[in-house]
Structures are given as C-alpha cells and as structure tokens.
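Each chain is listed here by its residues.
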Amino acid sequence: MKSPFVVCGATGNIGSRIAEILLAAGEPVRIVGRERVRLGPLAAKGAEPWPGDIGDTAFLGKVFSGARGAFILIPPKYDASDIREYQDRIGASLVSALSKSRVPRIVALSSVGAHLAEGTGPIVGLHGLETRLTALKDAEIVYLRPAYFMENHLWSIPLIRTRGVNGSLTRPDVPLPMIATEDIADATAHLFLEGKFHGHAVRYLLGPRDLTMSEATRILGEAIGKPGLRYVQFPEEEARKAMAEAGMSGSVAEAMLEMQRGFNTGIVRPTRERSEESTTPTTLEWFSKSVFARAYRAAA
Ligand SMILES: NC(=O)c1ccc[n+]([C@@H]2O[C@H](COP(=O)([O-])OP(=O)(O)OC[C@H]3O[C@@H](n4cnc5c(N)ncnc54)[C@H](OP(=O)(O)O)[C@@H]3O)[C@@H](O)[C@H]2O)c1
C-alpha cells in the first residue's frame, strides 16, 4: 500500500483542489481542516479525514507520520489580534511536526515578496515560514511563491455594490501578477504526482500576465455588466475603515496596508523574470465570468 500525501487547508481554495486531483489520480490522501463535517465531501471521495488544529504540533505529528509528501500553508486569520504572533505560532508548529515526522517532500505555500524580511505585511510571516523550513536539510522542499490571488477581488463585492466603485490603498497603475488559486493547486498536485523535487527550490507562479488594478477593475466590471466600473486609490484612513467594516482586526488591517504600500513602491515583486514555468493559464477574464460574476450575483 502506498504511503499517503497530506493536504493541509483541505477545505480551502487551494487544498481542496489539490486533494481532488490526487484522489482522482488514485493516490491516498490525508486531509486536514478544523471540522470533520467540512471534510465530509472529500472523505466521501476516498480521502482520510484528519480534523484538528494545525497549531497543535502533537496532532500534526500524527497527521504527518509515514506521509510521502505534504502541502502546508499558514491559513488566513482575518480576526487575529496579533497577526505576526499567529503566523509564527502556526509556522513553528508545522515545521516542528514535519521535522519530527521526517516528511521527505514538502510543498509550502509562500508568496511573491517572501524573500523580504520586512515591509510586506502578512508576507513577512511567509518569509518566516520559508526561513524555518530551511532547517529541514533532509527534506526536498518547493517554496511556492504565487502572485496576488484573483480571489482577493471577491473582497470588493460589497464595495462595488454599495458605492459603485472598486478601490484600495494600492495605486491604480502598478502592474501586479495575478493568479487564480486553481492554477496554484494544479501546479502543486502535478509536483507531487510527477515527483519533480530537487533539494530546496523556489517556484514562482504568476498567472498569465501582470495587470494594474485599473485594468483588473475594467475586466471585473465587464463581467458583471458594469463596463465603466472605476478603480479608486483610497487614502489610508478610508482603506483602514473599509477593512474594519469587512471584519478585519486592527493588526490584520495594518499588515494589509503595509503590503499595499509595498505594492505601490514596487518591493513586492518576483526576484526572477516571468518565464514559461512561472506563467499559469487561467485569465482574469475567465475568473471574472466564472467565479466573480457568480459571487457578485449571489450577493444581491
Ligand atoms: N491572498 C493572496 O493574494 C495570497 C498570495 C500569496 C500567498 N497567499 C497565501 O495563501 C493562503 C490562503 O490560501 P487559501 O486561499 O487556500 O486559503 P483558504 O481558502 O482561506 O483556506 C484555509 C484553509 O485552512 C484551514 N484552516 C484554517 N485554520 C486552520 C487551523 N487552525 N487548523 C487547521 N486548518 C485550518 C481551513 O479549513 P477550516 O476552515 O475548514 O478549518 C481551510 O481549509 C494565505 O494565508 C497566504 O498564506 C495568499
């Protein structure tokens, strides 16, 4: 019997699709999330559910025991009272358990900008995760550094509905790579299935092309029947208020603002030129029509 892959965040955007692909390929998969009931649909397809908290190292030690490979992430926690402390705690738990269980192949969800130790908001926590993982000398590790998620645009739906504009602190004219999370899942699942690991390696995933917020807003607007939808750069105080209204803690909102300042100054960018390997297929046009427009209509 083959040893299993572990997929953390298995009810989330990326983990759920990784698990689906591995199961469809006939691989044994352990799926991790906090609630058994939410793991049910994948369990019904043959996955082994492991409900529990990834901040619990003893629990993770059991999950990782005997695993052939693991996909790990630091899940978002928008209400964290201290986002840095939360990210450090989860990162320490994951790496300690991976080390004790000697998992041989790891794909770690990091981000563009994770080469920097400061000035990037929540991405600083992913820099911390990458740094911790470097201690696992015997494991083969891919540090996945995806771009800005297209799914982030879903946060704009209440704003577009109530004020008829899109906006944030990010400048309208800064080109940013944007990726659909399904492309991250596909790349991860293929890494596991093809076994293409070579020591410790960084892999950027950058979507099909860079887009400014103005361009992205035009594409989103067209998909929801608002072709003239405008993007507005908010002053910091207004951006802070919008994030508080969306339910983010003060600590998370400050981190997001720092990241957006990082976009504006251009420090949050890949350290390598875009290549065939880092370019992924799903376009914002497709995402807007299939995911964004549906969510926009559902929020009516
Ligand atoms: N947004 C971006 O632009 C961007 C860019 C680059 C990298 N990233 C990284 O991508 C991550 C988000 O990935 P995603 O979109 O796949 O996340 P997601 O859809 O929010 O999924 C998070 C997953 O983690 C699980 N989870 C949350 N807390 C947990 C805990 N304490 N113990 C066990 N499981 C827990 C959730 O399951 P339950 O709720 O069922 O427990 C869910 O399955 C971010 O946190 C960041 O690190 C984001």
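As shown above, the structure is provided for reference.
For clarity, every value in this text was computed on a predicted model and none was experimentally measured.

K.L.:
Explain the layout of surface pockets to me, using residue names and the numbers behind them.
P.N.:
Put simply, the second largest pocket is a space of about 240 Å³. Along the walls of the second largest pocket sit Val142, Asp186, Ala187, His190, Leu191, Glu194, Lys196, His198, Ala201, Val202, Arg203 and Glu277, which together make up its complete lining. With 5 residues, the top contributor of residues to the lining of the second largest pocket is helix α7 (residues 181-194). Within the lining of the second largest pocket, the residues separate by chemical class into 5 nonpolar, 2 polar and 5 charged.

K.L.:
Describe the site of the ligand, with residues and values.
P.N.:
Neighbouring residues of the ligand: 25 residues in total, closest Thr11, Arg34, Arg38, Ile74 and Asn152. Here aspartate 53 contributes a side-chain N or O atom positioned 2.9 Å from a nitrogen atom of the ligand. Isoleucine 74 places a main-chain nitrogen or oxygen 2.7 Å from an oxygen atom of the ligand. Taking 950 Å² as the accessible area of the ligand by itself, protein coverage stands at 84%. Among the elements of the structure, α1 (13-24) and β7 (148-149) are those that each provide at least two residues to the shell around the ligand. Classifying every residue of the shell around the ligand by side-chain character gives 13 nonpolar, 9 polar and 3 charged.

K.L.:
I'd like a description of the pairing of strand β4 (residues 69-72), backed by residues and values.
P.N.:
Two faces make up the sheet, and in a regular strand the side chains alternate between them. Where burial is concerned, the two faces of β4 agree: the one with Gly69 and Phe71 and the one with Ala70 and Ile72 are both buried. Bridge count for strand β1 (residues 5-7) against β4 is 3 bridges, and the pairing is parallel. Its bridge partner being in β4, valine 7 is matched across the sheet by phenylalanine 71. Here 3 bridges tie β4 to strand β5 (residues 105-109), and the two strands are oriented parallel to one another. Each residue of the ladder has a partner; that of alanine 70, found in β5, is isoleucine 106. Where the polypeptide runs from β4 across helix α4 (residues 83-101) and back to β5, its parallel neighbour, the crossover connection is right-handed.

K.L.:
Pulling in residues and values, what's your account of the side chain of serine 249?
P.N.:
Looking at the element boundaries, serine 249 is found in the loop between α9 (236-245) and α10 (250-265). One polar contact links the side chain of serine 249 to the main-chain carbonyl oxygen of alanine 80, over a distance of 2.5 Å. Dropping the residues within four chain positions of it, serine 249 is found in contact with Tyr78, Asp79 and Ala80.

Reading the values: rules and limits
Residues numbered from 1 in each chain as written. Predicted model: local features only at pLDDT ≥ 70, side-chain atom pairs only at ≥ 80, totals over all residues. Heavy atoms only, no water. 1 Å grid on protein atoms, 1.4 Å probe; cavity = no way out; pocket = protein on both sides within 12 Å on 5 of 7 lines; lining within 4 Å. Points joined across faces, edges and corners; volume = space filled by probe spheres on them. Helix = DSSP H or I, 4+ residues; strand = E, 2+ residues; numbered from the N terminus. Nonpolar A, V, L, I, M, F, W, Y, C, P; charged D, E, K, R; others polar. Near = heavy atom within 4 Å. Polar contact = N/O pair within 3.5 Å; in protein donor to acceptor, adjacent residues only side chain to side chain. Areas by Shrake-Rupley, 256 points an atom, 1.4 Å probe, with all protein chains shown as cover. Buried < 20%, exposed > 50% of the residue type's maximum accessible area, 1.4 Å probe, protein only. Pairing = 2+ DSSP bridges. Right-handed = clockwise from strand over helix to strand, strands pointing away. Contact = heavy atoms within 4.5 Å.

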